[in-house]
Amino acid sequence: MASLLNSVPSIKLSNFSNNNPLRSSQISSPFCLSLSRRRLVVRATETDKEVKAQAPDKAPAAGGSSINQILGIKGAKQETDKWKIRVQLTKPVTWPPLVWGVVCGAAASGNFHWTPEDVAKSVVCMLMSGPFLTGYTQTINDWYDREIDAINEPYRPIPSGAISEQEVINQIWVLLLGGLGLAGILDVWAGHNFPTIFYLALGGSLLSYIYSAPPLKLKQNGWIGNFALGASYISLPWWAGQALFGTLTPDIIVLTLLYSVAGLGIAIVNDFKSIEGDRAMGLQSLPVAFGSEAAKWICVGAIDITQISVAGYLLGAGKPYYALALLGLIAPQVFFQFKYFLKDPVKYDVKYQASAQPFLILGLLVTALATSH
């Protein structure tokens with residue numbers, strides 16, 4: 001295990017300014033990346049952009065919800081407790097799709113059994129995928145989005161100064177190393193000769209980094225960034241769950257990457273509330289690039305057409321009952337799209353996702369059971 005971890009490039013963060021980023025005329029910009037033969041060095045550079053966030057003036061302090069705060073969604077109560085703020089940065093509301101992805105992968109393996117050992121393995125894999133690596137992804141995304149959030153949501157923990165930059169950096173490292181450590185443990189536990197889960201976790205972590213951080217910053221392009229996000233939420237946890245209990249096969253890799261197009265559509269839902277900040281910072285999200293009206297239809301089209309295509313694949317594979325079940329789960333999603341999302345994607349985004357996404361993730365499980373090896 002030690003030699004395995006020592007074989008990956010080392011990552012070093014330089015010291016960050018001790019000043020609050022909103023109290024200085026200059027803030028540390030997103031990490032600057034440089035590569036050498038054996039070391040990956042991440043250092044802070046300077047930028048002359050000033051973040052001006054009047055958090056107290058815009059924050060929903062009076063009507064904020066404690067539940068929204070702990071889940072990490074909009075409408076959150078302003079909080080001073082550092083541990084609650086740390087949890088908020090990890091956005092627990094985003095963990096369930098990753099946890100469910102592990103369930104689907106375990107189901108697709110055909111080798112999961114309701115024994116104490118298999119349940120324990122799956123729980124550790126869920127912890128790795130959800131609280132640790134998704135928490136890492138969300139925290140590092142908030143760090144690199146602090147200038148955009150200063151425009152869109154200046155009351156969020158980082159732009160408001162509710163948590164210091166050094167505390168955020170420490171959290172990023174703890175979650176990343178904790179997730180990679182759990183991945184290594186799972187490989188040993190599963191008896192892998194090749195550390196499949198560790199490299200999946202490492203690849204997913206690097207994808208999360210380049211999604212949020214310059215110079216690549218995949219999220220600057222609505223198509224590439226949202227597909228990367230969809231793959232992270234659907235394909236990677238599925239692969240980890242299946243690799244833990246069985247063997248990844250080419251057909252599953254292709255099928256889950258296809259399903260990630262639906263994840264692209266889900267990711268677009270979150271872009272509507274950030275149009276002002278994205279446009280100001282030059283990010284080409286699909287609502288910015290195509291306008292809200294066209295982006296709404298791209299979003300629902302990606303979600304629906306992908307699932308219909310998967311149902312067609314299952315039908316062609318001789319699994320008609322699974323195909324019909326999947327089609328039955330698509331119907332309520334379309335209903336809620338017209339009821340909420342297509343009417344007003346900003347006002348009803350939370351209602352839409354809460355209403356429609358349970359049917360999408362149930363469809364994932366149907367697909368996993370249909371393809372069980």
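Residues numbered from 1 in each chain as written. Predicted model: local features only at pLDDT ≥ 70, side-chain atom pairs only at ≥ 80, totals over all residues. Heavy atoms only, no water.

The chain is annotated in an unreviewed UniProt entry as Chlorophyll synthase, chloroplastic from Nicotiana tabacum. The chain has a UniProt comment under Subcellular location (unreviewed entry) that states "Plastid, Chloroplast membrane". Here the chain is described in UniProt, under the heading Sequence similarities (unreviewed entry), as follows: "Belongs to the UbiA prenyltransferase family. Chlorophyll synthase subfamily." (UniProt positions renumbered as here; feature names shortened; annotations may be inferred.)

S.K.: Would you mind going over the overall build of the chain with me for this structure?
M.R.: A tally of helices and strands in the chain yields 17 helices and five strands. Counting all 373 residues of the chain, 51% fall into the buried class. Here the chain displays about 16900 Å² of accessible surface, and carbon together with sulfur accounts for 63% of that area. (Helix = DSSP H or I, 4+ residues; strand = E, 2+ residues; numbered from the N terminus. Buried < 20%, exposed > 50% of the residue type's maximum accessible area, 1.4 Å probe, protein only. Areas by Shrake-Rupley, 256 points an atom, 1.4 Å probe, with all protein chains shown as cover.)

S.K.: I keep staring at the environment of Ala 243 and nothing clicks. Help me out?
M.R.: Secondary-structure assignment places Ala 243 in helix H11 (residues 222-245). With residues up to four places along the chain from it excluded, the contact list for Ala 243 reads His 192, Thr 196 and Ile 197. (Contact = heavy atoms within 4.5 Å.)

S.K.: Got a minute to help me understand the environment of Glu 167 in this structure?
M.R.: Relative to the helices and strands, Glu 167 is located in helix H9 (residues 165-190). Along the sequence, Glu 167 and Arg 86 sit 81 residues apart, while their C-alpha atoms lie 8.9 Å from each other. Residue contacts for Glu 167: discarding those within four places in its chain leaves Lys 82 and Arg 86. Here Lys 82 takes part through its side chain, which lies 3.1 Å from a polar atom of the side chain of Glu 167. (Polar contact = N/O pair within 3.5 Å; in protein donor to acceptor, adjacent residues only side chain to side chain.)

S.K.: Looking at this structure, how should I read helix H15 (residues 292-316)?
M.R.: It helps to recall that an α-helix has 3.6 residues per turn; residues three or four apart then point in one direction. Relative to the 36 Å expected for 25 residues at 1.5 Å per residue, H15 spans 36 Å between its end C-alpha atoms, a close match to the ideal helical length. Backbone geometry just downstream of H15 places Gly 318 in the positive-phi region, at approximately 80°. (Expected span 1.5 Å × (residues − 1).)

S.K.: Can you help me understand the UniProt feature "transmembrane region" (unreviewed entry) in the chain in this one?
M.R.: The UniProt entry lists residues 196-211, 223-240, 252-273, 321-342 and 354-372 under the feature "transmembrane region" (unreviewed entry), expressed in the numbering used here. In this annotation, residues 196-211 is assigned 100% helix and 0% strand; the end-to-end C-alpha distance for the span is 22 Å. From the first C-alpha to the last, residues 354-372 spans 28 Å; its make-up is 89% helix and 0% strand.

S.K.: Help me out: how do you make sense of the packing of helix H6 (residues 116-144) against H11 in this one?
M.R.: Two packed helices can be described by the angle between their axes and the distance between those axes. As a packed pair, H6 and H11 sit with axes 11 Å apart at the nearest point and diverge in direction by 155°. The angle between H6 and H11 falls in the class roughly antiparallel. Both H6 and H11 take part in a crossing whose hand is right-handed. Residue-level inspection shows Asp 118, Lys 121, Ser 122, Cys 125, Met 128, Ser 129, Thr 134 and Gln 138 of H6 in contact with H11, the latter providing Tyr 233, Pro 237, Ala 240, Gly 241, Leu 244 and Phe 245. (Axes fitted to C-alpha atoms, helices over the stretch in contact; angles between N-to-C directions. Parallel < 35°, antiparallel > 145°, perpendicular 65-115°, else oblique. Left-handed = near helix turned anticlockwise from the far one by under 90°.)

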